[in-house]
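Spelled out from the first residue to the last, the chains are:
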Amino acid sequence: MQIYTNDDIRPGAIAGQRIAIIGYGSQGRAHARNLKDSGHDVIAGVRHGGKGWRNATADGIATAEPADAVKGADIIAILTPDMAQAAIYKETIEPHAKKGSAILFAHGFSILYGRVQPRKDMDVILVAPKGPGDLVRREYVRGRGVPALFAVEQDATGKARDRAMGYAKGIGGATGGLLETTFKEETETDLFGEQAVLCGGAKELVMGGFTTLVEAGYQPEIAYFECMHELKLIVDLFYEGGVTKMNEFISETAKWGSVSSGPRVINGETRARMKEILTEIQDGTFAREWIAENEAGKGAYDALVKADGEHLIESVGASLRERMAWLHAPKTAEAA
């Protein structure tokens, strides 16, 4: 796969184009600030007096009510939660976006599952940094960048790819490296990673290990250290150098336990469940269930999240973390 850099992007790809940022949360704020610092014309579509308006004003970003921001924009970046995007598009973007403008997403859920169906005269593009907004901003300020994915779903103007790549360059993604994908691939792999590995899988593995030790009579505090606290040390090694680096830094005993016992926990049955999860993402089952849960008021969602928060590992961990001074030290101030 080709990895694109700043040198691969057409000079002036989005020069002179106004960019409206709709949604001034973690990603929206980082995108707006990076784009502005890259010399682009940026406006935040935010409700007057709200948190987004206050943050954008403090950041020196021009503001307007969402519909007004959309009216004059060439690129409209919709960076709100997935479940809010259908209404925002229908009420704010569709009636006000000018012909030939582009609608940009950072995640393809709304397009892949038909929640948003953009007008035929609009470019539909995706730029998805592979990191949270805070990291996207910090790395940009340092003169570096977070790698990003980009995709084109609809090219109404013949300029959609240039727009996606130019926007990605503006937020620092091309400095980190750009990979071209599709809305389908980005959405399905992102959802699978969240559910099976990064959030769902890792959480259940940690809680399952903790519970196994506690039920066997071990002290909860010791179980917490072994199953949650030390996980960061291993994840950092993965992040920095993959399994190879982990093996360089753990003991011979740990390595033997890893290769001999790991496959007994994550085995054929586990991978079969992973395939089921992937199939449900691919055929739309997960999306339909999540949409229905939102429309029903998120009762099951709230109950399940509450149960996680009340798990013993959470109270034990909170008590232990109070004594970890490094977790409470002031964070390095971000460059303005």
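Scoring rules and cut-offs
- Residues numbered from 1 in each chain as written.
- Predicted model: local features only at pLDDT ≥ 70, side-chain atom pairs only at ≥ 80, totals over all residues.
- Heavy atoms only, no water.
- Helix = DSSP H or I, 4+ residues; strand = E, 2+ residues; numbered from the N terminus.
- Rg over C-alpha atoms; globule rule 2.2 N^0.38 Å.
- Buried < 20%, exposed > 50% of the residue type's maximum accessible area, 1.4 Å probe, protein only.
- Contact = heavy atoms within 4.5 Å.
- Areas by Shrake-Rupley, 256 points an atom, 1.4 Å probe, with all protein chains shown as cover.
- Lys, Arg positive; Asp, Glu negative; His and termini not counted.
- Charge placed at Lys NZ, Arg CZ, Asp CG, Glu CD.
- Phe/Tyr/Trp six-rings, centres within 6.5 Å; stacked < 30°, edge-to-face > 60°.
- Expected span 1.5 Å × (residues − 1).

1. Notes on the overall build of the chain
- When helices and strands are tallied, the chain shows 18 helices and 9 strands.
- At 22 Å, the chain has a C-alpha radius of gyration in line with the 20 Å of a compact globule built from 336 residues.
- The dimensions of the chain, computed from C-alpha atoms along their principal axes, are 65 × 45 × 45 Å.
- When burial is assessed residue by residue, the chain has 38% of its 336 residues classed as buried.
- Contacts in the chain between residues far apart in sequence, at least 24 positions, make up 66% of those at least 6 positions apart.
- About 18200 Å² of surface is accessible on the chain, with carbon and sulfur atoms providing 55% of the total.
- When the 39 positive and 46 negative side-chain charges of the chain are each reduced to one mean point, those points stand 5 Å apart.

2. Structural notes on the packing of aromatic side chains
- In this structure the tally under the stated criterion is 5 aromatic pairs.
- Measuring from centroid to centroid gives 5.8 Å for Y4 and F150, while their planes differ by 70°, and the two rings are edge-to-face. Of this pair, Y4 sits in strand β1 (residues 3–4) while F150 sits in strand β8 (residues 148–154), and the two are 146 residues apart along the sequence. This pair shows no difference in class: Y4 is buried, exactly as F150 is.
- Between W290 and Y301, the aromatic rings sit 5.5 Å apart at their centres with planes inclined by 40°, giving tilted as the arrangement. Of this pair, W290 sits in helix α15 (residues 285–295) while Y301 sits in helix α16 (residues 299–309); the two residues are 11 residues apart in sequence, bridging distant segments of the chain.
- On the accessibility criterion, W290 (23% relative accessible area) is partly exposed.
- The partly exposed category is assigned to Y301, whose relative accessible area is 36%.

3. Describing helix α1 (residues 26–37)
- With 12 residues, α1 ought to run about 16 Å at 1.5 Å a step, and its terminal C-alpha atoms sit 17 Å apart, in line with that.
- Those residues of α1 not exposed but buried are Q27, G28, A30, H31, A32, R33, N34 and L35.
- The inward-facing, buried residues of α1 contact β2 (18–22), β3 (41–45), β7 (123–129), α6 (133–141) and α7 (160–170).
- Following α1 by one or two positions, G39 has its phi on the positive side, about 95°.

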